[in-house]
Amino acid sequence: MALYLLFESSSGYALFQGQGLDEIGQNTEAVRNSVADLNRFGKVVQLTAFQPFESALDGLKQCNSVSEGLMTDELRSFLELNLPKVKEGKKSKFSLGVAEPKLGSHISETTKITCQSGEFVLELLRGLRLHFDKFIKDLKSGDLEKAQLGLAHSYSRAKVKFNVNRVDNMVIQAIFLLDTLDKDINSFSMRVREWYSWHFPELVKIVNDNYLYARVAKLIEDKSKLSEEHIPALTEILGDEDKAKEIVEAGKASMGQDLTPVDLINVQLFAQRVMDLAEYRKNLYDYLVTKMNDIAPNLASLIGEVVGARLISHAGSLTNLAKCPSSTLQILGAEKALFRALKTRGNTPKYGLIFHSSFIGRASARNKGRMARYLANKCSIASRIDCFAERGTTVFGEKLREQVEERLEFYDKGVAPRKNIDVMKSAIESTQSKDVEMEEAQPDEATVKNSKKKKSKTEDATAAATDTDVSEDAKSEKKKKKEKAAATNGDASEDAKSEKKKKKEKRKMEQEPGHEEEKTNGVNGDAAEQDGTAKKKKKKSKDEVAASETKKKKKKSQE
């Protein structure tokens, strides 16, 4: 049976065919010896086809699919194009060597090509990886290293970006820092107590809290200067006036030794450092609570933020915790005791990190194991909901907490708890009702916005109407003023016209005799014109008579 080898390089897919493998007898030691020598290995393996990646983005896509054990369309077309075709209903006369067993199973399922990935194939692929640049002619020296470096950077960057989106890394770091801060603050506060007790030993019995002890030591400084003036400041720190008076009285009769000013300054500085660390611890705890409510709200509401964060950090991530069964989650954190019990064939531990939950502390000694098992079951459900749910809600965590409370009452009083199906149904209904309320709230906001817009429009319209009314009133007033002005102007113009008419009439009266003379002259002219026309007519009649006489004389002469 012929053997083909699929090699996934950083620059593209390569297909090689094995030759003379029957002579070797598929002996891995012989292959190892031939891998180092290119002359011997070149006779065993021969390049069949090579398909480079189109771009760096395409190379990253192919790399991600190969790492997940999936065959892409490009790889399938490459194999179908270059491998011998297999007839339907018959077995292939060749096999394909693949480095990833998951990828080989996927290829065999989809293309019916038999794939193998054993030590023999891995040794051959190791030789191909060693001498790959020698098999491809157009590949220059250094190109393959550059492609490997670029693909490695892009692949790791994509993985890091994926981890950044999973914010549970911040929770893991915060809970680690919180635990270390608790240890450091305890050790530093004990050091402050021991150091300041040389000066004021009675203060240790009066003030038990480490943080308050550091604040009081910072306030008092020198015990010889204690007086009744310090009582208000001490009561503000301790919250108890009797303790403040007791400290003042103890300072007057203290048995401690005196310290130099330099020693007191060092004590005060160290006490201030302890106070700063305690305040930072409080801020870090608040940060952890907000992060847990964002990442795993159901787990935090069920078992608490600190215990839930410890479970996530011990499992490695929220997805790893969601993958764990409840039996593993129950003893998470007690691995040493488990393996010790398995080794010595003793009793296995009943609880691990879950022991810090308040539910197991409230349960009786007889029922602690049963309570731990039940609580681990509910914690696994809550972690899976937090990991795979699209929306983060605390409804399921609250319902699961109610179930744990009912189980405690059942162990103590015998009250029958509700069934898990009924509780989950009520939780789903409550989440659906919340979703409906959210959906209804969105259009309500839209309607409020529309109503606001309408109100603004109506206000604008009313304002415009009032403006138009005001403008119309102003216009009407202006018209009235104009009419009044026009009326006054008209009266004045009429008076002026009447005065002008009177003046014209006076002028006409003065010019009347001249007009009469013109009239008489006109009449005489008309008479003269009439006489001229009569004379012209008389002349025309005389000429006509003379012409007629001459015509008669010519006729007579002709006869």
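Note that the coordinates shown come from a computational prediction; the quantities given were computed from them, not determined experimentally.

1. A few points about the nonpolar core
Membership of the largest hydrophobic core comes to 48 residues, with the highest contact counts inside it found for L288, M292, L299, I303, I312, L321 and L375. Apart from residues lying up to four places away in sequence, L288 is in contact with V171, A174, I175, L178 and A309. Formed by 26 residues, the second largest nonpolar core is a distinct cluster that contains F200, L203, L226 and A278.

2. With respect to the environment of E8
You can see E8 is positioned in strand β1 (residues 2-8). In this structure, the C-alpha to C-alpha distance between E8 and L75, residues 67 residues apart in sequence, is 10.0 Å. The residues touching E8, leaving out its near neighbours within four places in the chain, are Y13, V66, V98 and L103.

3. Brief notes about the packing of helix α10 (residues 168-197) against helix α12 (residues 210-220)
Contact geometry of α10 with α12 gives a least axis separation of 10 Å together with a crossing angle of 40 degrees. Comparing the axis directions of α10 and α12 gives the class oblique. Crossing of α10 over α12 shows left-handed handedness. Facing N186, S189, V192, R193, Y196 and S197 of α10, the residues of α12 in contact are N210, Y213, A217 and I220. For the contact of α10 with α12, the per-class residue count stands at five nonpolar, four polar and one charged.

4. Some thoughts on the confidence of the model for the chain
Of all residues in the chain, 75% have pLDDT values of 70 or greater, and the mean over the chain is 79. Taken element by element, the predicted model of the chain shows its lowest mean pLDDT in helix α25 (residues 512-558) (50) and its highest in helix α17 (residues 305-315) (94). Note on residues 485-494: pLDDT is under 50 here. Beyond four places in sequence and across chains, it has zero contacts. The low-confidence segment residues 512-540, where pLDDT is below 50, has zero contacts with residues more than four positions distant or belonging to other chains.

5. Quick notes on the pattern of salt bridges
Per the stated rule, a full pass over the model turns up ten salt bridges. K134 is the partner of D133 in a salt bridge, and the nearest nitrogen-oxygen pair spans 3.8 Å. Assessed through its relative accessible area of 53%, K134 is described here as exposed. Between E194 and R191 there is a salt bridge; the shortest N-O distance is 3.2 Å. With a gap of three residues between them, E194 and R191 both fall in helix α10, about one helical turn apart.

6. Points about the sheet that holds strand β3 (residues 45-52)
Across the sheet, five strands lie side by side as β3-β2-β1-β4-β5; this open sheet has mixed pairing. Two strands close off the open sheet at either side, each with one partner strand: β3 and β5 (115-116).

7. Some words on the packing of α10 against helix α15 (residues 261-295)
Relative to each other, α10 and α15 sit at 155 degrees, their axes nearing to 9 Å. Accordingly, the angle class assigned to the pair α10 and α15 is roughly antiparallel. Between α10 and α15 the crossing geometry is left-handed. Among the residues forming the contact of α10 with α15, the class breakdown is 25 nonpolar, three polar and five charged.

Cut-offs used in this document
Residues numbered from 1 in each chain as written. Predicted model: local features only at pLDDT ≥ 70, side-chain atom pairs only at ≥ 80, totals over all residues. Heavy atoms only, no water. Core = buried A, V, L, I, M, F, W, Y, C linked by side-chain atoms within 4.5 Å. Buried < 20%, exposed > 50% of the residue type's maximum accessible area, 1.4 Å probe, protein only. Contact = heavy atoms within 4.5 Å. Helix = DSSP H or I, 4+ residues; strand = E, 2+ residues; numbered from the N terminus. Axes fitted to C-alpha atoms, helices over the stretch in contact; angles between N-to-C directions. Parallel < 35°, antiparallel > 145°, perpendicular 65-115°, else oblique. Left-handed = near helix turned anticlockwise from the far one by under 90°. Nonpolar A, V, L, I, M, F, W, Y, C, P; charged D, E, K, R; others polar. pLDDT = per-residue confidence, 0-100. Salt bridge = Lys/Arg side-chain N within 4 Å of Asp/Glu carboxyl O. Pairing = 2+ DSSP bridges.

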